[in-house]
Amino acid sequence: MSKENILNVYSEIGKLKKVLLHRPGKEIENLTPDLMDRLLFDDIPYMEVARQEHDAFANILRSNDVEVLYLEDLAAESIKNFGIKEAFVDEFIKEANIDSIKKRELVKEYILGFSNERDMVDKMMEGIRKEEIRDYKKTSLTDIVGSNYPFIVDPMPNLYFTRDPFATIGQGISLNHMRTVTRNRETLFAKYIFKYHPEYKDKNIPIWFDRENNTSIEGGDELILNNKVIAIGISERTDAYSIETIAKNIFEKDEKFEVVLAFDIPKKRAFMHLDTVFTMVDYNKFTIHPEIEGPLTVYSITRGSKDLKLNIKKETMCLSDILKKYLEVDDVTLIRCGAGNTIDAGREQWNDGSNTLTIAPGEVVVYARNHVTNRLLEQNGIKLHVMPSSELSRGRGGPRCMSMPLVRENLR
Ligand SMILES: NC(=O)NCCC[C@H](N)C(=O)O
């Protein structure tokens, strides 16, 4: 298989060919009000309807000629070999914050007891309730209960936001270190997939950032504007230092990319990643949440002349002019979430009105509920594929957050 069919992302808008999703599983049913804050949810989605909405999303993609892969399948296919499977489970347990050796041993035995890898992976994603281990071992709960906390292993409800734990950049991967413990656990699946899956192993895939680094970066902040320009948010989730690290690694390996634009956005939950307030929908058209335009500062990072130093410069032009300059286009249209009305903008940004997934130049997937922004996109000549969004949006992510492009066609 040619390299371009394995991993290839040199833009946000090139025709999408292959994408990674995760169909929401029982981890959603393991959310409780007490856990929501720590597990980064604002409400509990109704799983059955969330799955219907997610299937509608996948069907839109398939009917537009996109190959849809699922994280849970790739993870299961990566660990067929018993030695790899055991190492995977050991690492998973090490990061699961289990408070005694005995419990860790019980959990390992329980997980490895699943008769196939796919069921095992589903269980690791769902979390393990205390009573499951009690019923499995037919033992008294007093052996395993330490407190009233209901889980031995926490669920990972954010997995359906496949955009964040890793990101395809060019023909390599940014294997991210996430800001929070709960989301950092998700990156283990990607580690095993890119190391051991038959499609990816032994392919010398560059790893631009590693989950072992100790500053954070998340995929929602990583936007590939074209084959020369990458935009990365300095955000609630991504540290400026991580951007320097990844820029150095990309420039060192002689990728085509020439500049990283670091967008310093306000650090707040509603704007957790750059892609919640800014996405690219055509060669020269972008969605933007008007609230970030005032406070936004952009830095350009380019290769330094020697010793791999970076040139970092604060840009003084307005955003449109910065984009015109670096993307080499004559004009830029900023499509404002909520059509610029403060109330509509606030409501629709909260429900991911600026978080479009572009599947071809000028063609995007959007949530139905953001009707004000959607109308404006259409008025700007953008073709919409509209998906249902009552339940999925409760996790605070939209179509871009829910998809990780693996292959896009190169732009002309
Ligand atoms: N790229 C994105 O903005 N992803 C959305 C992530 C939502 C998730 N509940 C989180 O807080 O991480």
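Scoring rules and cut-offs
Residues numbered from 1 in each chain as written. Predicted model: local features only at pLDDT ≥ 70, side-chain atom pairs only at ≥ 80, totals over all residues. Heavy atoms only, no water. UniProt positions renumbered as here; feature names shortened; annotations may be inferred. Helix = DSSP H or I, 4+ residues; strand = E, 2+ residues; numbered from the N terminus. Buried < 20%, exposed > 50% of the residue type's maximum accessible area, 1.4 Å probe, protein only. Contact = heavy atoms within 4.5 Å. Pairing = 2+ DSSP bridges. Axes fitted to C-alpha atoms, helices over the stretch in contact; angles between N-to-C directions. Parallel < 35°, antiparallel > 145°, perpendicular 65-115°, else oblique. Nonpolar A, V, L, I, M, F, W, Y, C, P; charged D, E, K, R; others polar. Polar contact = N/O pair within 3.5 Å; in protein donor to acceptor, adjacent residues only side chain to side chain.

Labelled according to an unreviewed UniProt entry, the protein chain appears under the name Arginine deiminase, originating from Tepidibacter hydrothermalis. According to the UniProt record, the Sequence similarities (unreviewed entry) comment for the protein chain is "Belongs to the arginine deiminase family."

A. Looking closely at the UniProt feature "active site" (unreviewed entry) in the protein chain. UniProt's entry tags C401 with the feature "active site" (unreviewed entry), counted in the numbering of this structure. If you trace the backbone, C401 turns up in the loop between β18 (383-387) and β19 (404-408). Look at C401 and you get buried, because its relative accessible area is 3%. Other than its neighbours up to four places away in sequence, C401 contacts Y160, F161, T162, R163, D275, D352 and N355.

B. Here's a closer look at the pairing of strand β5 (residues 166-169). Side chains of β5 alternate between two faces, with F166 and T168 and A167 and I169 buried alike. Across four bridges, the pairing between β5 and strand β6 (residues 172-175) is antiparallel. Paired with A167 across the two strands is S174, which belongs to β6. What sits between β5 and β6 in their antiparallel hairpin is a turn of two residues, with G170 showing a positive phi close to 65°.

C. Structural detail: the sheet that holds β5. Taken in spatial order, the three strands make up an open sheet running β5-β6-β7, and their pairing is mixed. Only two strands of the sheet have a single partner each, and these edge strands are β5 and β7 (207-209). Mean inter-strand twist for the sheet, computed between neighbouring axes without regard to direction, equals 30°. The sheet contact formed by β6 and β7 spans two bridges and is parallel. Note that in β7 the partner of S174 across the bridge is F209.

D. Examining the sheet that holds strand β10 (residues 259-264) more closely. The strand order across the open sheet built from five strands is β8-β9-β10-β13-β14, with neighbouring strands paired in mixed fashion. Here the strands that pair on one side only, and so sit at the sheet edges, are β8 (222-224) and β14 (310-314). Averaged over all neighbouring strand pairs, the angle between strand axes comes to 20°, with direction disregarded. Across the sheet, helix α12 (residues 319-327) touches β9 (229-234), β10, β13 (297-303) and β14, and the angle it forms with β10 is around 165°.

E. Geometry of the side chain of H273. The topology assignment puts H273 in the loop between β10 and β11 (278-282). With a relative accessible area of 1%, H273 lands in the buried category. Non-local contacts of H273, meaning those with residues more than four positions away in its chain, are made with D164, E218, G220, D221, R237 and I265.

F. The arrangement of the packing of helix α5 (residues 101-112) against helix α7 (residues 130-137) in detail. Here α5 crosses α7 at 75°, and the two axes come no closer than 11 Å. Our classification of the angle between α5 and α7 gives roughly perpendicular. Contacts between α5 and α7 involve L106, V107, E109 and Y110 from the former and E132, I133, Y136 and K137 from the latter. Looking at the contact of α5 with α7, its residues break down into five nonpolar, no polar and three charged.

G. Quick peek at helix α6 (residues 117-126). Burial analysis of α6 places seven of its 10 residues in the buried class, the great majority of the element. The inward-facing, buried residues of α6 abut α3 (71-78), α4 (82-94), α5, β3 (128-129), α7 and α9 (187-196). Its side-chain oxygen placed 3.1 Å from the backbone nitrogen of R118, N116 serves as the N-cap of α6. Positive backbone phi, approximately 95°, marks G127, located one or two places after α6.

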